[in-house]
Amino acid sequence: MAETSLFQSFFLIFSGAAIVASLALFGRQPLLVAYIALGVLLGPSGLAIIDNVQLLADMSNVGIIFLLFLLGLDMQPQALLSVLRKATFVGLVSCAVFLGLGFAIGQLFGFTNTESWVIGMALMFSSTIIGIKLLPTTVLHHKHLGEMMVGLLLFQDFVAITCLMILLSGSTGEMDLAQLGLSFAALPLLVFFAWVAVKFLLLPLFTRFDRFHEYVFLLALGWCMGLAELAEILGLSREIGAFIAGITLATSRISQYIALSLKPLRDFFLILFFFSLGAQFKLSMVPEIALPALVTAAAVLLIKPVVFRYLLGNQSEHKVLAWDIGFRLGQISEFSLLIAFLAFNQQLIGSGASHLIQATAILTFLVSSYIVVLNFPNPIAIKDELRRD
């Protein structure tokens, strides 16, 4: 069969997504489920209609970069420091618990020590995409629930980047402390550079040419992508670079206009992300990893809400609020998928461990989305009384 062109792939993805999204809404189902299911159906393991999955996956990562850029745009630096202080204890303890849980599950099913530790790493994180996308905008930006969610997710992002740098230190699994130190030393330098560039270059340009909306959009896009790539070069990650790009612009009066302009572009790439997640999964691996994946996903879905409820409850959070955050964070992360791919490429884990993490991600994404959509306020709720934007 001839290779599918990029336009044909886009036609199949977005026309197909429009159809399955319509069916999902009529069937009162979450849209995220529809996008992943479409990926499985059209991808190599399904009908194999779309074959350039890796290209689409690379493009879809731009959606995560835009998501973190917009998140930064909506946060004031002083508020961020306050949120991180509140979230640090909960983040540290929860990461340790889930690292141990993942290691224990890996050992239970006969994976090597290294594979078990990587599985543990993957279980430490919750999905920024699902956590933020299913949180009403008014709650995200103006209420304590939103502050705590953002604080915990950002703390997890910093831990995830540490894990990625450890994995990148070599195929032996040994930590390259020198490289790790250089990467963390680069973080304050990147923040300082971004602050200077915004104050003395970007803000004057925005002020002078703010009536040219196309230029404002282009400059914001270039700033986001440029700082994301600079962060990657410095050994951090594009996601952290995009977040710094957003937060350094947050104090400007034009930040909200930029945020509104970029949201449709973000949604475009996020649909690609969820489609590629389903398309890259190999159904032929299911018999081998079905039982470990079901056990791991069940452990995540049951234990994560309880752990967050207990930790937040001990920090004087209201019981209802603690359960709300716990269930919203009750899945593993897109960072977990990145860890699985990277560890496999570095030959730290085998195909079985990699697909276990992927299957756990898909299962927890699906079930967690159902739990939140059916029980908590969110922008795509199927019950009118729960729908908030």
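Residues numbered from 1 in each chain as written. Predicted model: local features only at pLDDT ≥ 70, side-chain atom pairs only at ≥ 80, totals over all residues. Heavy atoms only, no water.

Asker: Sorry if this is basic, but what is going on with the overall build of the chain here?
Answerer: Along the chain, the regular secondary structure elements total 16 helices and zero strands. In the chain, which comprises 389 residues, the share counted as buried stands at 53%. Contacts spanning at least 24 positions in sequence make up 77% of the contacts within the chain whose residues lie at least 6 apart. Surface accessibility of the chain: about 17200 Å² in total, with carbon and sulfur atoms responsible for 68%. (Helix = DSSP H or I, 4+ residues; strand = E, 2+ residues; numbered from the N terminus. Buried < 20%, exposed > 50% of the residue type's maximum accessible area, 1.4 Å probe, protein only. Contact = heavy atoms within 4.5 Å. Areas by Shrake-Rupley, 256 points an atom, 1.4 Å probe, with all protein chains shown as cover.)

Asker: How should the side chain of H355 be read in this particular structure?
Answerer: The residue H355 is located in helix α16 (residues 351–375) in this model. H355 gets classed as buried once you look at its relative accessible area, which sits at 5%.

Asker: Would you mind going over the nonpolar core with me for this structure?
Answerer: A general trend in soluble globular proteins is that nonpolar side chains are found buried together. F69, W223, L249, I258 and F274 are the most contacted members of the largest nonpolar core, which totals 125 residues. Residue contacts for L249: discarding those within four places in its chain leaves F69, L73, V198, L202, L203, F206, W223, S255 and I258. (Core = buried A, V, L, I, M, F, W, Y, C linked by side-chain atoms within 4.5 Å.)

Asker: What's the story with the pattern of salt bridges in this structure? I'm lost.
Answerer: Close approach of charged atoms allows side chains of opposite charge to pair. Taken as a whole and assessed by the stated rule, the structure comprises four salt bridges. A salt bridge links R238 to E232; the nearest nitrogen and oxygen atoms lie 3.8 Å apart. Here E232 falls in the partly exposed class, since its relative accessible area comes to 34%. Among the salt bridges present, the one from D324 reaches R328, with a minimum N-O distance of 2.5 Å. Linking D324 with R328, this pair stays in helix α14 (residues 319–328), spanning four residues, or about one helical turn. In this structure, D324 and R328 share a single accessibility class: buried. In this structure, a network of salt bridges that share partners links the residues E229, E232 and R238. (Salt bridge = Lys/Arg side-chain N within 4 Å of Asp/Glu carboxyl O.)

Asker: Hey, could you run me through the packing of helix α3 (residues 53–73) against helix α12 (residues 255–279) in this one?
Answerer: For any two helices packed against each other, the geometry is given by the interaxial angle and the distance between the axes. Interaxial distance between α3 and α12 falls to 7 Å at its minimum, and their mutual angle equals 145°. Along this stretch, α3 crosses α12, giving a crossing that reads as left-handed. In the contact of α3 with α12, the residues fall into 21 nonpolar, six polar and two charged. (Axes fitted to C-alpha atoms, helices over the stretch in contact; angles between N-to-C directions. Left-handed = near helix turned anticlockwise from the far one by under 90°. Nonpolar A, V, L, I, M, F, W, Y, C, P; charged D, E, K, R; others polar.)

Asker: I keep staring at α12 and nothing clicks. Help me out?
Answerer: For α12, built from 25 residues, the straight-helix expectation of 36 Å at 1.5 Å per residue is met to within 8% by its first-to-last C-alpha distance of 35 Å. Along its length, α12 shows its largest kink, about 35°, at L262, and proline P264 lies within four residues downstream of that point. (Expected span 1.5 Å × (residues − 1). Bend = angle between axes of the 7 residues up to and from the residue.)

Asker: What should I look at first to understand the packing of helix α1 (residues 6–26) against α12 in this one?
Answerer: The contact between α1 and α12 brings their axes to 11 Å, and the two run at 95°. Looking at the two axes, α1 sits roughly perpendicular to α12. For the pair formed by α1 and α12, the contact residues are F10, I13, F14 and A17 on the first element and F268, I271, L272 and F275 on the second. Taken together, the residues that form the contact of α1 with α12 break down as eight nonpolar, no polar and no charged. (Parallel < 35°, antiparallel > 145°, perpendicular 65-115°, else oblique.)

Asker: What should I look at first to understand the confidence of the model for the chain in this one?
Answerer: Low pLDDT marks stretches whose predicted atomic positions should not be read closely. Overall, the prediction assigns the chain a mean pLDDT of 81, with 85% of residues at 70 or greater. When mean pLDDT is taken per element in the chain, helix α5 (residues 113–123) scores highest with 93 and helix α7 (residues 137–142) scores lowest with 52. (pLDDT = per-residue confidence, 0-100.)

Asker: Just to check I follow, could you spell out the packing of aromatic side chains for this structure?
Answerer: In this description, an aromatic ring pair is defined by two values, namely the gap between the centres and the angle between the planes. The tally for this structure, following the rule as stated, stands at 13 aromatic pairs. Three or more aromatic residues joined by ring pairs make a cluster, and in this case those are F10, F14, F66, F268 and F269. In this structure, K304 is placed above the aromatic ring of F98, and the distance from its NZ or CZ to the ring centre is 5.0 Å. (Phe/Tyr/Trp six-rings, centres within 6.5 Å; stacked < 30°, edge-to-face > 60°. Lys NZ or Arg CZ within 6 Å of the ring centre and 35° of its normal.)

Asker: Would you explain unusual backbone geometry in this entry?
Answerer: Excluding glycine, residues mostly have negative phi values, and the peptide bonds linking residues are mostly trans. Located in the positive-phi region is A48, a residue other than glycine, with phi close to 55°. Examined against the element boundaries, A48 turns out to sit in the loop between α2 (31–42) and α3.

Asker: What's the story with the environment of L329 in this structure? I'm lost.
Answerer: Residue position: L329 is located in the loop between α14 and α15 (334–345). For the pair L329 and L301, spaced 28 residues apart in the sequence, the C-alpha separation amounts to 9.2 Å. Setting aside anything within four residues of it in sequence, one finds L329 in contact with S126, M149, L152, L153, K304 and F308.

Asker: I would appreciate a short explanation of the side chain of S255 in the present structure.
Answerer: For S255, the location among the structural elements is in helix α12. Here S252 takes part through its backbone oxygen, which lies 3.1 Å from a polar atom of the side chain of S255. Dropping the residues within four chain positions of it, S255 is found in contact with L73, L249 and A250. (Polar contact = N/O pair within 3.5 Å; in protein donor to acceptor, adjacent residues only side chain to side chain.)

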